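Single-letter residue listing:
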Amino acid sequence: MSDGSLAGRVAIVTGGARGIGAAISTMLVERGASVVVADMGCGIDGRDPDPSLARAFADPLGERAVAYVEDMAVPAAAREAVALARDRFGGIDILVNNAAILRDAFVFRGTTADWDEAIRNNLSGAYYLIAAATPAMRDQAKSGRGGGEGYGWGRIVNIVSSAAYIGNYGQASYASAKGGLTSLMRICALDMARSGVTCNAVAPFARSRVTESIVPANDEQAGYKERALGVPPEPVAGLVGYLCSPAAGGVTGQIFGVRGREVFVFSQPRPAARIVAEPGGWDEDALAAAVDRELKGAFAPLETDLEAFNTEPLV
């Protein structure tokens, strides 16, 4: 049922025709927004695009949804998607950077071509869309789109991954891109604060093509995959819906996680412990002793995100 909280808003959702992206696109339409569903229909590895997939998804959503099937990791396509949103629906208020591909490999086996393609799709594509849309969002704030004096409104959500913060075997390109999306979120939140545009990140724990593709390296990872496949994507869409709502106008620069009925806020790196050398600086033995004594207790364990979150979800 629509609650109308996003009536009149216009969104672009990348990777918006399947899995978590489809749940987000559907939620936005149900809450009254118009949505550009940007999805090439490619495989999880970014190959073999199928434009019919996005059209088949968007058409049943009605006149407030339209498919866009070009490669969003091309700057011209990002600009074209923004132009489509403005021409068709009258503006651009919400961006959800959800599109992602996998080109997994251990660092000693991966190829530079696979690295470049994952970074291009998962990180550069998000930047291109933000760079294309934020000038329009700033202009809308100045022109009073939506009515009212001093109007400033806009929502940007980057879909990230706990793999960026904790790590996982063989996911150098994917995790690096998702970590970059978090840094991009922070800078965007700062740069757009005066325009009233928020930017946040969401790390989803839910059934998706990414979780389906996990090849467990141990029993803990096998358990994680089994649990994750039982978690629906709709709670992720619900959190994104909150972040896109008027109620979240003061929430920006944050990293959230969602797993079924659980919602997390992640800490962000800040100094956790400190040592100071005597005048003249450290010698090697003194530095080693000080690290062991004062800093090791604050070290992060070397574990994967699949192991760190290998607990029973609340669905």
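Residues numbered from 1 in each chain as written. Predicted model: local features only at pLDDT ≥ 70, side-chain atom pairs only at ≥ 80, totals over all residues. Heavy atoms only, no water.

Q: Would you mind showing me how to read the packing of aromatic side chains here?
A: Within a pair of aromatic rings, the relevant descriptors are the distance that separates the centres and the angle that separates the planes. Under the counting rule described, the total for this entry stands at seven aromatic pairs. Ring plane angle 5° and centroid distance 5.3 Å describe the contact between Phe106 and Phe108, whose orientation is recorded as stacked. By relative accessible area, which is 37% here, Phe106 ends up partly exposed. Note on Phe205 and Phe264: the rings are 6.0 Å apart at their centroids and 65° apart in plane angle, and the pair reads as edge-to-face. Here the residue Phe205 occupies a position in the loop between β6 (197-204) and α6 (209-212), and Phe264 occupies one in strand β8 (residues 262-265), the gap between them amounting to 59 residues. Here the aromatic residues Tyr165, Phe205, Phe264, Phe266 and Phe309 are joined through ring pairs into a cluster of three or more. (Phe/Tyr/Trp six-rings, centres within 6.5 Å; stacked < 30°, edge-to-face > 60°. Buried < 20%, exposed > 50% of the residue type's maximum accessible area, 1.4 Å probe, protein only. Helix = DSSP H or I, 4+ residues; strand = E, 2+ residues; numbered from the N terminus.)

Q: Is there a simple way to think about empty space enclosed by the protein in this case?
A: A water-sized probe, rolled over the atoms, reveals where empty space remains. Considering all chains together, one arrives at one cavity of 30 Å³ or more under this definition. Here the largest cavity is characterised by a volume of approximately 70 Å³. Taken together, Phe205, Ala206, Tyr224, Arg227, Ala228, Val231, Arg259, Phe309, Thr311 and Pro313 make up the full set of residues lining the largest cavity. For the lining of the largest cavity, the leading source of residues is helix α7 (residues 219-228), giving three residues. (1 Å grid on protein atoms, 1.4 Å probe; cavity = no way out; pocket = protein on both sides within 12 Å on 5 of 7 lines; lining within 4 Å. Points joined across faces, edges and corners; volume = space filled by probe spheres on them.)

Q: Just to check I follow, could you spell out the environment of Ile156 for this structure?
A: Positionally, Ile156 belongs in strand β5 (residues 154-159). Among the residues examined, Ile156 registers a relative accessible area of 1% and is labelled buried. Along the chain, Ile156 and Ala248 lie 92 residues apart, while their C-alpha atoms are 12 Å from each other. Among all residues touching Ile156, those that are not within four sequence positions of it are Leu95, Asn97, Ile130, Thr134, Met137, Cys188, Val197, Thr198, Cys199 and Asn200. (Contact = heavy atoms within 4.5 Å.)

Q: How should I be thinking about the layout of surface pockets in this particular structure?
A: Put simply, the second largest pocket is a space of about 440 Å³. Along the walls of the second largest pocket sit 16 residues, with Tyr165, Ile166, Phe266, Ser267 and Pro269 positioned nearest its centre. Its residues assigned to classes, the lining of the second largest pocket shows eight nonpolar, five polar and three charged. (Nonpolar A, V, L, I, M, F, W, Y, C, P; charged D, E, K, R; others polar.)

Q: Just to check I follow, could you spell out the pattern of salt bridges for this structure?
A: Pairing between side chains becomes possible if they bear opposite charge and their charged atoms approach one another. The full count for this structure, using the stated rule, is ten salt bridges. Taking the shortest distance from any N to any O, the salt bridge between Arg120 and Asp71 comes out at 3.0 Å. Residue Arg120 is located in helix α4 (residues 112-143), and its partner Asp71 is located in the loop between β3 (65-68) and α3 (75-89); the two are separated by 49 residues in the primary sequence. Relative accessible area serves as the criterion here: at 24%, Arg120 is assigned to the partly exposed category. Here Asp71 falls in the buried class, since its relative accessible area comes to 18%. Residues Asp114 and Arg103 are paired through a salt bridge, measuring 2.8 Å at the closest nitrogen-oxygen approach. On the criterion of sequence distance, the pair formed by Asp114 in helix α4 and Arg103 in the loop between β4 (94-97) and α4 is long-range, its members being eleven residues apart. Assessed through its relative accessible area of 13%, Arg103 is described here as buried. Each of Asp45, Arg47, Arg103 and Asp114 takes part in one network of salt bridges that share partners. (Salt bridge = Lys/Arg side-chain N within 4 Å of Asp/Glu carboxyl O.)

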